[in-house]
Each structure stands twice: as structure tokens, then as C-alpha cells.
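Coordinate inspection notes
Next come the chains, spelled out residue by residue.
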Amino acid sequence: MTEKQRKILVVDDEQTVRYFLQRALTTAGYTVITASNGREALEKISQFDVSLILLDIMMPELDGFEVLDHMRQHEVNIPVIMLTGIQEIPAKIDSLALGADDYITKPFSAEELLARIQVKLKRAKPTS
Amino acid sequence: MKILIIEDDHKIIELVTRTLKTAWVETNLLSTVYGEEGVELVKKEHPEIVILDLMLDDMDGFEVLRQIRLFSDVLVVILTARGDEDNKIRGLQEGADDYIVKPFSTGELVARMKSLIRRKDITEATATVAVKPSTRRLSIDFANQKVSVGGNLLRLGPSAYELLYLLVTNEGVGFSKQALRKQVFPEHSNDTTIVDVFIDKIREKLEEDPKNPKMILNDGTTGYKFVGSYSMVREALKETEG
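**With respect to the overall build of chain A**
- A tally of regular secondary structure across chain A gives five helices and five strands.
- Ordered by position from N to C terminus, the α and β elements of chain A give β-α-β-α-β-α-β-α-β-α.
- In chain A, 59% of the contacts between residues at least 6 apart in sequence involve partners at least 24 apart.

**Structural notes on the overall build of chain B**
- The helix and strand tally for chain B stands at eight helices and twelve strands.
- When the 242 residues of chain B are sorted by exposure, 28% land in the buried category.
- In chain B, of all internal contacts separated by at least 6 residues, the share reaching a separation of at least 24 is 59%.

**A word on unusual backbone geometry**
- Of note, the amide linkage connecting Lys106(A) to Pro107(A) takes the cis form, showing an omega dihedral of -5°.
- In this fold, Pro107(A) is placed in the loop between strand E5 (102-105) and helix H5 (110-124).
- Between Lys102(B) and Pro103(B) the backbone carries a cis peptide bond, its omega angle lying at -5°.
- Checked against the element boundaries, Pro103(B) lands in the loop between strand E5 (98-101) and helix H5 (106-131).
- Here the phi dihedral of Glu61(A) falls at roughly 65°; this positive angle occurs in a residue that is not glycine.

**Description of the sheet that holds strand E3 (residues 49-52) of chain B**
Residues and elements named next belong to chain B.
- With parallel pairing, five strands are arranged side by side in an open sheet as E2-E1-E3-E4-E5. Since the sheet does not close on itself, it has two edges, and those belong to strand E2 (28-32) and E5, each with one partner. Taking each pair of neighbouring strands and ignoring which way they run, the sheet shows an average axis angle of 20°.
- Examined bridge by bridge, E3 and strand E4 (residues 75-80) share four bridges and lie parallel to one another. From the neighbouring strand, Leu 52 faces E4, where its bridge partner is Ile 78.
- Contacting strand E1 (2-6), E2 and E3, helix H2 (residues 35-45) runs over the sheet at an angle of about 165° to E1.

**Some words on the interface of chain B and chain A**
- Taken together, the contact between chain B and chain A spans 24 residues of the former and 26 residues of the latter.
- Those elements that provide at least two residues to the side of chain B that touches chain A are helix H4 (85-93) and H5 of chain B.
- A breakdown of the residues in the side of chain B that touches chain A according to their chemical character gives six nonpolar, ten polar and eight charged.

**Observations regarding the pairing of E3(B)**
Residue and element names in this part refer to chain B.
- Side chains Ile 49 and Ile 51 of E3 all project onto a buried face; the interleaved residues Val 50 and Leu 52 project onto the opposite face, where all are buried too.
- Two strands pair when backbone bridges link them, and E1 and E3 are joined in this way by four bridges, in the parallel orientation. Along E3, the bridge assignment pairs Ile 3 with Ile 49.
- Considered for its hand, the β-α-β crossover made up of E3, helix H3 (residues 61-69) and E4 is right-handed.

**Some words on the packing of helix H6 (residues 158-168) of chain B against helix H8 (residues 193-206) of chain B**
Residues and elements named next belong to chain B.
- Viewed as axis vectors pointing N to C, H6 and H8 meet at an angle of 85°, and their least axial separation amounts to 10 Å. When the interaxial angle is binned, H6 and H8 end up roughly perpendicular. Counted together, Ser 159, Ala 160, Leu 163 and Leu 164 of H6 and Phe 198, Lys 201 and Ile 202 of H8 form the full contact between these two elements.
- Residues that form the contact of H6 with H8 fall into these classes: five nonpolar, one polar and one charged.

**Quick look at the sheet that holds strand E2 (residues 31-35) of chain A**
Residue and element names in this part refer to chain A.
- Taking strand neighbours across the sheet as the criterion, the five strands line up as E2-E1-E3-E4-E5 in an open arrangement whose pairing is parallel. Of all strands in the sheet, those bounded by a partner on one side alone are E2 and E5. Here the strands of the sheet are splayed against their neighbours by 20° on average, with no regard to which way each runs.
- Inspection of the sheet shows strand E3 (residues 52-55) paired to strand E4 (residues 80-84) by three bridges, in the parallel sense. Opposite Ile 53, over in E4, you have Val 80 as the bridge partner.

**Some details on the environment of Arg136(B)**
All names here are of chain B.
- Of note, Arg 136 is situated in the loop between H5 and strand E6 (138-141).
- C-alpha of Arg 136 to C-alpha of Gly 150: the two residues are 14 residues apart in sequence and 6.3 Å apart in space.
- Filtering out sequence-adjacent residues up to four positions away, Arg 136 remains in contact with Val 149, Gly 150 and Glu 208.

**Some words on helix H2 (residues 38-47) of chain A**
All names here are of chain A.
- All of the buried residues along H2 are Gly 38, Ala 41, Leu 42 and Ile 45. An end-on view of H2 places all buried positions within 95° of arc, on one side of the element.
- Looking at the packing, one finds that the buried side of H2 touches strand E1 (7-11), E2 and helix H3 (64-73).

**Considerations on the environment of Met59(B)**
Residues and elements named next belong to chain B.
- Considering the arrangement of structural elements, one finds Met 59 in the loop between E3 and H3.
- Residue Met 59 is classed as partly exposed on the basis of its C-beta count, with 17 C-beta atoms lying within 10 Å.
- Each C-alpha atom, one on Met 59 and one on Gly 35, is 5.5 Å from the other, the two residues being 24 residues apart in sequence.
- With near-sequence residues (within four places) excluded, Met 59 lies in contact with Gly 35, Glu 36 and Val 64.

Parameters at a glance
- For every chain, the first residue of its written sequence is number 1, and the numbers climb from 1 along that sequence.
- Working convention: letters from A go to chains and numbers from 1 go to ligands, in the order in which they are written.
- The model is predicted, so local features are restricted to residues of pLDDT at least 70 and side-chain atom pairs to those at 80 or more, both for listing and for counting; the totals for chains, interfaces and linings are taken over all residues.
- Starting at the N terminus, helices and strands are each numbered in turn, a helix being any DSSP run of H or I of at least four residues and a strand any DSSP run of E of at least two.
- Residue pairs are scored as contacts if the distance between their C-beta atoms, which are placed from the backbone, is within 7 Å.
- Any residue with 12 or fewer other C-beta atoms within 10 Å of its own C-beta is exposed, any with 20 or more is buried, and the rest are partly exposed; the C-beta atoms used are placed from the backbone.
- DSSP calls a pair of strands paired once it identifies at least 2 bridges connecting them.
- Every angle, taken between N-to-C directions, lies between 0 and 180 degrees, and every axis is a line fitted to C-alpha atoms, over only the stretch in contact when it is a helix.
- Lys, Arg, Asp and Glu make up the charged group, whereas Ala, Val, Leu, Ile, Met, Phe, Trp, Tyr, Cys and Pro make up the nonpolar group; the residues left over, Gly among them, are polar.
- By convention a crossover is right-handed if, when the strands point away from the viewer, the path from the first strand over the helix to the second runs clockwise.
- To sort the angles, those under 35 degrees are grouped as roughly parallel, those over 145 as roughly antiparallel, those from 65 to 115 as roughly perpendicular, and the leftovers as oblique.
- Note that the arc is defined by the directions from the helix axis to the C-beta atoms.

Worth remembering: the numbers are spatial, not functional.
Here's what the structure looks like:
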């Protein structure tokens, strides 16, 4: 599978954010799946072979911390980039300690996001 | 843990050193204010992670990164006062694993470094598992639906046998959990948990270490596959049940 065919799961309760990310990622050649809350995210993770997850924190049903914690407890080791409006350092440190691979605060540029996604995908590839 | 700091500001070296010594009890910290010496230290000392400033006296940090990447896959975190978008993207595209802007939180620096190291460990562990097949011998008597490992007959129920049969006879082929559910548990709803439960049961009996399976592997996040070898047995297995 080439890098460009990889599937990215976008999890955010705001439709405008999902739409923006879907467009940016699709244009960059990725396949995109979306979820609007934490519970839906866990369902999608079990249904699809996802390469990377962009995860919001504040969401209904299950929040981003709970999704991340649930995944890592069950040894689902897909790279996760937290993408959130929360700028405070403790939220960053908590996310990374729970098993996130990166933490980006909104607003962010699509270009930086794409660069960070590439870095994470490269490091998650067993043959690299 | 061997860490190399390439940074022209002695105060930052001191701060980072103090921080990292608290975070990792056994830390071997190397530091230099020169880019050229930094590249040499990566070559000679093989640090696990490099913290790289962009503004050095003798060389530009990007050039240091470029030279390191010519021969090394070491984790590199850029730590710099240059916070603009263009430099961030350039750093990440040219091979840095992270890009942190000064002034920075020492807690965040440590959390980000730990995250990078954890990911590297996971990737390396996955790669190791993939090249080490199990040495246990699996025998299957298809006529009598009996399975044995190393001469010991396994007690498997009909569903577990069917699941194992499907995977073993399609050795190396990944099946999605949904496909396995449809095949083996057609009366069950869309919930694939039943498949996970039965795979766990089979691994418990089949694998030397069920927590590190070597015969029935996860196929991506959504499926399973059988790897390894098996032999077919025509006679019913008559050994005492193990």
C-alpha cells in the first residue's frame, strides 16, 4: 500500500472541521473516514483498517481522552494526533502520556498538519 | 537512554539537562554547541534521540539535520526560537520527528520525547514479531476434526474448530472479523466481539504465549490471519488429551 492510499479517520463533532479536514486530506491523496463522536470513532476503528487518527478532545458520547485510553488499553496502536482547541499544557501532557503521538492546537495550517501526518506514518511503518 | 543536545545557548543546555535527568533516571546526556561536532557525535555515540537547535554558531540547524539523515534514522526533535510556519514545515519535511518552539514547557518536551520513543518501540516490536515464526507443530486431522499441538490434543468446540480450520486452510490470508463472523456465527448480529472471544480461546490453547501470538496474528486492526505451518493427520489422534 502506498502512503497516498492510506486511510485516515477524522473524529470531530463539528461538521465544518470534518469538512475542512476531509477536503485537505483527500486533496493530499488520503482516503478519509469520519466520525462525529467518540463512540462512533471506536466503531469505525474496529470496522476499517485505519492508518492514522485525527482526534478532537471535547465531544459528546465519549471524549477524545476516553477514546485514546480505550484504544491503548486494548493495544490498538494506530498513531493518534490530537487536534483540539485546548491550548493548555496539561491537556497536551495528559494526551501524550495516554498514548497520543502528537498534539496540534486549532487554528492550524493544513500544510503543517500534512507534514506531521507524514512524520507519524513514516515512524509507524515496520519496514522503515 | 543516550540523548544528544546540539544547542548554542548554555542556559538551555543546562535546563534541558536538568529536566531530562529527572525524567529518565539513567540518562547519558551529551551536548555540544557546534553543529559539526553534533553530527560526529551522532556517528560515534549513536544516541537514541537528538535535540537540535536551528541557530548554531558554525552551521545552520537544517544543514545539521540534513547531514544526520544521510546516515542515521535517529529521533530528532528541533527546539528553536523560530516559530514561523515555513520553518516548522521545512523541519518536519526534512526529517525532524517533532518541532518545538521556544519558550517551551519542559513537561511538554519530556512528554513529546516519551511519545516518540514509545512509537519507535512499538514499531520495532511489530517488526520483530513479523520475522519470528512459531516453532510449535500444529497437526490437524480434518476427517475427525481434531487438532493437536506438539502431540497434545486440543479441546476445541465446533465453532472454535471451524474458525481455526478457516484460518489454517487459508494460511497467510487475512480475514476481516466481519467475514469470519458471517462464516462461523451466521446467526449472530453484526457484532464481531464473538469472533474476538473465540480467537482468544483458541490462542489460549494454541500459542506458547497467548499474549504474544505467533500463529494467529492480527491482520491490521480489523482481522486475523494464520501464519506458520501445519501437517495433516489422517488417523484420529489417540494420544491422551492434554
